Amino acid sequence: MMNTMVIFAEFFVVILKVLWAFVTAGAKWVVRPKEKSVAGQVCVITGAGSGLGRLFAKEFARRRAVLVLWDINSKSNEETAELVREIYRELDSESPMAKEGAIGGLEEVLPFKPQVYTYVCDVGKRESVYSTAEKVRREVGNVDMLINNAGVVSGHHLLECPDELIERTMVVNCHAHFWTTKAFLPKMLELNHGHIVTVASSLGLFSTAGVEDYCASKFGAIGFHESLSHEIKASDKDGIKMTLVCPYLVDTGMFKGCRIRKEIEPFLPPLKPEFCVTQSMRAILTDQAMICTPRIVYMVNFMKSFLPFEAIVCMYRFLGADKCMYPFLAQRKELMNNNEAKGDV
């Protein structure tokens, strides 16, 4: 009898906590939470040489973070670093050497020192990840923030896609998150301080035809992120935060040619990269657990959980989402054929 009463009491407490979670989540829609400071914190960004990675680097630079940029392309990574240095120089010029103190005196302010480090790293190779992580620890110090952003797409129908490209997609988009996390999480756990961001995709929540390898890799990345989030919660390390980023199609050129139904497209156009990163930064700096952009992605993901599969197929066909990747795949195939033709000349 006593055990039953204890269980009911615990269940009642759980219900109250669930309701409180709804209240606090709703309150954040009304009152915008204050963004935390990342000034002076070491931030590792994978895939920093272009696209969202470059924009994340610029946003963290504006907030005076210490940037550690990883990319497989040395040239593009250095270009991002130069953009970051330019932002640092602007911040340095805006920082006064002294400011008025609380009692009319002058309080000295040290000039802002730009710090950006670049590393060539193939996150698809765990040896490269672990060796580069060791260099970062030795040359920069402990990592406070890890932005797992690097990603690739093969651009082939499943039966036309070489096994090597399928493996590459899975390794870069999913397995690399295991390796970077294993490299930096131990110190975060020791200090009970850190933030891990997984840049996934709406295609990791619901899929479409023609990009099986990409969808599988993003589903895997989201599964990894969610399981890791639960593990950190179970270890009572409340100083380590996790943020999952799931944007709709972003206009970075990665899926150039992808089209939904032309009548629907004006209402659901590809996201501007700058908008995507702005929304993501707001979520990261307020310790939001998950951010889907635009918000309709939340609804689509919710509907998928209870609608019959045939109902989902009907919706996809109405929106033109069932074959939205086919123009992109055709463009990639044509480009490859042209390159092969040039090589034969």
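Below, the structure is looked at part by part. Since the structure is predicted, the reported quantities are computational estimates derived from the model, not experimental observations.

### Things to note about the overall build of the protein chain
Secondary structure assignment for the protein chain yields ten helices and nine strands. Accessible surface, the protein chain as shown: approximately 19600 Å² in total, 60% of it carbon and sulfur.

### Let's talk about the sheet that holds strand E5 (residues 116–120)
The parallel open sheet is built from seven strands, whose spatial order is E5-E2-E1-E6-E7-E8-E9. Both outer strands of the open sheet, E5 and strand E9 (290–293), are each paired with one neighbouring strand and no more. Across the sheet, the axes of successive neighbouring strands diverge by a mean angle of 15°, strand direction being ignored. Sheet strands in contact with helix H4 (residues 126–139) are strand E1 (42–46), strand E2 (66–71) and E5, and its direction is about 155° off that of E5. Here helix H8 (residues 296–304) sits on the sheet in contact with strand E8 (240–247) and E9, set at roughly 100° to E9.

### Considering a nonpolar patch on the surface
On the surface, Ile-15, Leu-16 and Leu-19 cluster together into a nonpolar patch covering about 260 Å² of accessible area. The topology assignment puts Leu-19 in helix H1 (residues 2–30).

### Describing helix H7 (residues 273–285)
In this model H7 runs 18 Å from its N-terminal to its C-terminal C-alpha over 13 residues, within 8% of the 18 Å that 1.5 Å per residue would give. Of all the positions in H7, only Pro-273, Cys-276, Val-277, Gln-279, Ser-280, Met-281, Ala-283, Ile-284 and Leu-285 are classed as buried. Tucked into the core, H7 has its buried residues touching helix H2 (51–62), strand E6 (145–148), strand E7 (194–199), E8 and E9. Two residues or fewer after H7 comes Asp-287, characterised by a positive phi angle close to 60°.

### What about the packing of H2 against H7?
At a minimum axis distance of 10 Å, the contact between H2 and H7 shows a crossing angle of 50°. Taken together, the axes of H2 and H7 lie oblique to each other. Seen from above, H2 lies across H7 with right-handed handedness. Taken together, the residues of H7 that come into contact with H2 (itself represented by Leu-52, Leu-55, Phe-56, Glu-59 and Phe-60) are Pro-273, Glu-274, Cys-276, Val-277, Ser-280, Met-281 and Ile-284.

### Some words on the pattern of salt bridges
Scanning the model with the defined rule gives 14 salt bridges in all. Note that Arg-54 is salt-bridged to Glu-79, the shortest N-O span being 3.4 Å. Remark: Glu-79 occurs in helix H3 (residues 74–94) and Arg-54 occurs in helix H2; sequence separation between them is 25 residues. On the accessibility criterion, Glu-79 (36% relative accessible area) is partly exposed. Among the charged side chains, a network of salt bridges with common partners joins Glu-82, Arg-85, Glu-86 and Arg-89.

### Focus: the nonpolar core
Membership of the largest hydrophobic core comes to 59 residues, with the highest contact counts inside it found for Ile-45, Phe-56, Phe-60, Leu-67, Phe-255 and Met-325. One finds Val-68, Cys-121, Phe-184 and Met-188 within the second-largest nonpolar core, a separate group that totals 28 residues.

### Concerning the pairing of E1
By the criterion of burial, E1 is predominantly enclosed, with five of the five residues buried. Of the two faces of E1, the one holding Val-42, Val-44 and Thr-46 and the one holding Cys-43 and Ile-45 are both buried throughout. In this structure, E1 lies alongside E2, joined through five bridges in parallel fashion. Residue pairing for E2: Val-44 is matched across the bridge by Val-68. Of the pairings in the sheet, the one linking E1 to E6 comprises three bridges and is parallel in character. Across the sheet, residue Cys-43 finds its bridge partner in E6, namely Met-145.

Definitions and limits used
The written sequence of each chain sets the order in which its residues are numbered from 1. Local features in a predicted model are, by the rule used here, given only for residues with pLDDT of at least 70; side-chain atom pairs are given and counted only at 80 or more, and totals for whole chains, interfaces and linings are based on all residues. Side-chain numbers come from the whole structure's heavy atoms, not from hydrogens or water. Only DSSP runs of H or I reaching four residues or more are called helices, and only runs of E reaching two or more are called strands; each is numbered from the N terminus. For the accessible areas, the method is Shrake-Rupley and the probe is 1.4 Å, while residue cover comes only from the protein chains on display. By this definition, two strands are paired if DSSP reports at least two bridges between them. Here the axes come from fitting lines to C-alpha atoms, over the contacting stretch only for helices, and the angles between their N-to-C directions go from 0 to 180 degrees. Contacts are residue-level and defined by heavy atoms, with any inter-residue pair within 4.5 Å sufficient. Only residues whose relative accessible area exceeds 30% and that take part in no salt bridge are eligible for patches, with like-charged residues grouped when within 9 Å of each other and nonpolar side chains (Val, Leu, Ile, Met, Phe, Trp, Tyr) grouped when within 5 Å. Only one rule defines a salt bridge in this text: a Lys or Arg side-chain nitrogen within 4 Å of an Asp or Glu carboxyl oxygen. A helix's residues, less one, multiplied by 1.5 Å, set its expected span. The cut-offs for exposure are 20% and 50% of the maximum accessible area for each residue type, with area from a 1.4 Å probe on protein chains only; residues under the lower value are buried, those over the upper are exposed, and the others partly exposed. Comment on the angle field: the value is read as roughly parallel under 35 degrees, roughly antiparallel over 145, roughly perpendicular from 65 to 115, and oblique elsewhere. By the definition used in this description, the sense in which the near helix is turned from the far one sets the handedness, with an anticlockwise turn below a right angle giving left-handed and a clockwise turn giving right-handed. Throughout this description, the term nonpolar core refers to a set of buried Ala, Val, Leu, Ile, Met, Phe, Trp, Tyr and Cys residues connected via side-chain atoms within 4.5 Å.

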